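What the coordinates show
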Amino acid sequence: MAVKRHRTAARARGIAMVVVGAVIDLCAVINVPGAADFPASAGDEIRVTSFGTIMVLLGIACWLTVLWRDRHPMLVLAAGGFLAIIGVSYLLLLVGTVAAVRLHPRRTRLIGILVSATVVLFAVREALTHWGGAWGWYFGSQSTEQDVPGAIVTPLVVAVLSLAATAGVVFGSRIKRGADESRRRADMQQQRAEELSDQLVRQAERDRIARDMHDSLAHRLSIVSLHAGALAATARDGEAGEIARTVHEQTHAALQDMRGMIGDLRSGPGESSPSTMRAIGPLLADVRRSGVPVTAYVVIEAPERVSAQFDSAVHRIVQEALTNAIKHARGAVIDVFVQVEPHDGARIRVVNPLLPVAPATVPGGGNGLVGIRERTEMLGGTAWIGPHGSEFIVDVTLPWQERV
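Rules used throughout
- Residues numbered from 1 in each chain as written.
- Predicted model: local features only at pLDDT ≥ 70, side-chain atom pairs only at ≥ 80, totals over all residues.
- Heavy atoms only, no water.
- Helix = DSSP H or I, 4+ residues; strand = E, 2+ residues; numbered from the N terminus.
- Buried < 20%, exposed > 50% of the residue type's maximum accessible area, 1.4 Å probe, protein only.
- Contact = heavy atoms within 4.5 Å.
- Areas by Shrake-Rupley, 256 points an atom, 1.4 Å probe, with all protein chains shown as cover.
- Salt bridge = Lys/Arg side-chain N within 4 Å of Asp/Glu carboxyl O.
- Patch = residues over 30% accessible without salt bridge, like charges linked within 9 Å, V, L, I, M, F, W, Y side chains within 5 Å.
- Pairing = 2+ DSSP bridges.
- Right-handed = clockwise from strand over helix to strand, strands pointing away.
- Core = buried A, V, L, I, M, F, W, Y, C linked by side-chain atoms within 4.5 Å.
- Arc of directions from axis to C-beta.

Here we look at the overall build of the chain
- Assigned secondary structure in the chain consists of 11 helices and 7 strands.
- Residues counted as buried form 37% of the 404 residues belonging to the chain.
- A fraction of 66% describes how many contacts in the chain between residues 6 or more apart in sequence connect residues 24 or more apart.
- Approximately 23,600 Å² of the chain is accessible, and the part contributed by carbon and sulfur atoms is 61%.

Next up, the structure:
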């Protein structure tokens, strides 16, 4: 809305400049020799000739270029130069100068020299030749000759004042632009300082969480892994031995994942993650060895090309979806579909049946599905999670992210 108002205001200013400039040049066109017939007495009206009418139309056409002064200031500068050369006025030339210097500040000196020379020559021509024939009539004289002192001095004074006013507008615009740029840089620095402060706060919180995880959860997992290994060594054969070995392997893997997450927390975002799409195969194998029936279709193309964030997100989403399915559909068949392609991105679909009575045998905090949604939104993907018919479905689509 603000941009639209700014454009409307700029367009209105342009139209006003066209109208005012055309009216001024309509009065100035009679200074051109042959554009008007001056009567014998000062009280009579001046008659504009056919040549003068053509000059008026040319002046209006040239002033219409002001509407494109922001994008094509050189067009306005050229039109103003044309009106100055044919003797109408140099007002449009000054308008084009301001617009051109704003867009091309490096050419300020060249533009200033050319415009100043054009304006001075225009004023000298009006003061010393018959090109300024209307000045006598403006000062109440009945003559069009340049013998009136005001007709000689006025063009020179007006030229000097016009150039000074134009220079003031140019330098004032530069000062304002410099102030705006300084303010913008200050705002950027302030924003950057706030972001750094927020990052320090978040990093301190991550360090605290990492310490808590290392001191409590990682310690308990280490004890469970140690006892599971001892139990596996004691019960070498039979179902109990197989279960003990599975518990030992899974506990060891969980401990490794925990250490990786602790490393992620301490290193902060943007660092490489131990999670990778290449680990989806071993993850499914571990789930099958634990006794959970899984049917899987996994196709991953060009894993070396994806970004670390995308690589980690695919693995984590599959892991969280499997964990959710195991908790709520213990013993049921879980269908896993993972397809990753450079053209289509990633499609992850994990389906498990909705069991009438399926008490969760694994405690959970209920954050796994929330984490899936958060990872998906972070990467600009879509996630559909919920029951459908007799099944619970986790369906995630992620856009491809190339490694930088």
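On we go from here.
Quick word on the pattern of salt bridges
- Tallied over the full model, the rule gives 8 salt bridges.
- Of the charged contacts, one joins R185 and E181 as a salt bridge, the two residues approaching to 3.3 Å between their closest N and O atoms. In this pair, R185 and E181 are both assigned in helix α7 (residues 149-234), 4 residues apart and thus about one turn of the helix distant.
- In this structure, D395 and R349 form a salt bridge, with 3.0 Å as the shortest nitrogen-oxygen distance. Highlighted residues: D395 in strand β7 (residues 391-398) and R349 in strand β5 (residues 345-353), separated in sequence by 46 residues.
- When salt bridges that share partners are traced, they join K176, D180 and R183 into one network.

Focus on a nonpolar patch on the surface
- On the surface, I15, V19, V23, L57, I60, L64, L67 and W68 cluster together into a nonpolar patch covering about 710 Å² of accessible area.
- Breaking the nonpolar patch down by element, the ones donating at least two residues are α1 (2-28) and α2 (50-63).
- A total of 3 residues in the nonpolar patch trace back to one element, the largest contributor, which is α1.
- With respect to the helices and strands, the residue I15 is situated in helix α1.

Quick word on the pairing of strand β4 (residues 334-341)
- Two strands pair when backbone bridges link them, and strand β3 (residues 294-300) and β4 are joined in this way by 7 bridges, in the parallel orientation. In the strand pairing of β4, Y297 is matched with F337.
- Tracing the backbone out of β3, into helix α10 (residues 308-328) and back to the parallel element β4 gives a crossover that is left-handed.
- Taking the residues between adjacent antiparallel strands as the criterion, β4 and β5 are bridged by 3 residues.

Describing the nonpolar core
- With 33 residues, the main nonpolar core has V314 and I334 as its most contacted residues.
- Elements with a contribution of two residues or more to this core: α9 (280-289), α10, β4, β5 and β7.
- A per-element tally of this core places α10 first, with 9 residues.
- Non-local contacts of I334, meaning those with residues more than four positions away in its chain, are made with V292, P293, V294, T295, L322, A325, I326, V350, V351 and N352.
- By size, the runner-up hydrophobic cluster in this structure holds 18 residues, among which are V18, M55, V66 and V95.

Details of the side chain of T166
- Here T166 is to be found in helix α7.
- Each residue touching T166, except ones within four places of it in the same chain, is listed here: L94, T97 and V98.

Thoughts on α9
- Taken together, the buried positions of α9 are occupied by I280, L283, L284, D286 and V287. Buried residues in α9, looked at end-on, bunch into an arc of 160°, giving them a common side.
- Just past α9, the residue G291 takes up positive phi, approximately 100°.

Without other data, these values stay purely geometric and don't point to any function.
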